[in-house]
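Structural features, examined
Single-letter residue listing:
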Amino acid sequence: MYVIKCDSCGFVLYKGADPKTVEAVLRLWGGVCPKCMSPLERRPIKIAVGLLKERKAG
Ligand SMILES: [Zn+2]
């Protein structure tokens, strides 16, 4: 699971199984955070990658 959040307010800009480049995500929002309106191009945004582990019953 890939999660890209705004570095300023923590708004989730993208969350999904497919890896997306930062530039692609910036294009989705027009280069600014829709929540705090801070320019995403200037500020580095955090990319958290969590590994989904399947539980096996046993
Ligand atoms: Zn923000």
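Below, the structure is looked at part by part. (Residues numbered from 1 in each chain as written. Predicted model: local features only at pLDDT ≥ 70, side-chain atom pairs only at ≥ 80, totals over all residues. Heavy atoms only, no water.)

Examining the overall build of the protein chain
Each helix and strand counted, the protein chain has 1 helix and 3 strands in total. When each of the 58 residues of the protein chain is scored for burial, the buried share is 22%. For the protein chain, long-range pairs separated by at least 24 residues make up 43% of all intrachain contacts whose partners lie at least 6 apart in sequence. About 4700 Å² of surface is accessible on the protein chain, with carbon and sulfur atoms providing 53% of the total. (Helix = DSSP H or I, 4+ residues; strand = E, 2+ residues; numbered from the N terminus. Buried < 20%, exposed > 50% of the residue type's maximum accessible area, 1.4 Å probe, protein only. Contact = heavy atoms within 4.5 Å. Areas by Shrake-Rupley, 256 points an atom, 1.4 Å probe, with all protein chains shown as cover.)

Digging into the coordination of the zinc ion
In an ideal tetrahedron of four donors about a metal, each angle is 109.5 degrees. In an ideal octahedron of six donors, the angles are 90 or 180 degrees. The coordination sphere of the zinc ion, as far as protein atoms go, consists of C6 (SG), C9 (SG), C33 (SG) and C36 (SG), spread over 2.3 to 2.4 Å. Its 4 donor atoms give the zinc ion angles of 105 to 113° at the centre, a pattern that matches the tetrahedral case. Summarised as a motif, the one-chain spacing of the donors to the zinc ion is C-x2-C-x23-C-x2-C. The exposure class of C6 is buried, given its relative accessible area of 4%. (Donors = N, O, S within 2.8 Å, 3.2 Å for Na, K, Ca; no water. Tetrahedral: all angles 85-135°; square planar, octahedral: opposite > 155°, others 65-115°.)

Focus on the nonpolar core
In a soluble, globular protein the nonpolar side chains are often hidden away together inside. In this structure, I4, C6, L13, Y14, V25, L26, C33 and L40 together form the largest nonpolar core, which totals 8 residues. Of all the secondary structure elements, the ones that give two or more residues to this core are β2 (12-16) and α1 (22-29). Excluding residues within four positions of it along the chain, V25 makes contact with I4, L13, Y14 and K20. (Core = buried A, V, L, I, M, F, W, Y, C linked by side-chain atoms within 4.5 Å.)

With respect to the packing of aromatic side chains
Taken as a whole, this structure holds 1 aromatic pair when the rule is applied. Ring centres of F11 and W29 lie 5.7 Å apart, and the angle between their planes is 85°; this geometry places the pair in the edge-to-face category. Of this pair, F11 sits in the loop between β1 (2-5) and β2 while W29 sits in helix α1, placing them 18 residues apart in sequence. According to the relative accessible area criterion, W29 is partly exposed, its value standing at 32%. (Phe/Tyr/Trp six-rings, centres within 6.5 Å; stacked < 30°, edge-to-face > 60°.)

What is shown is where atoms sit, not what they do.
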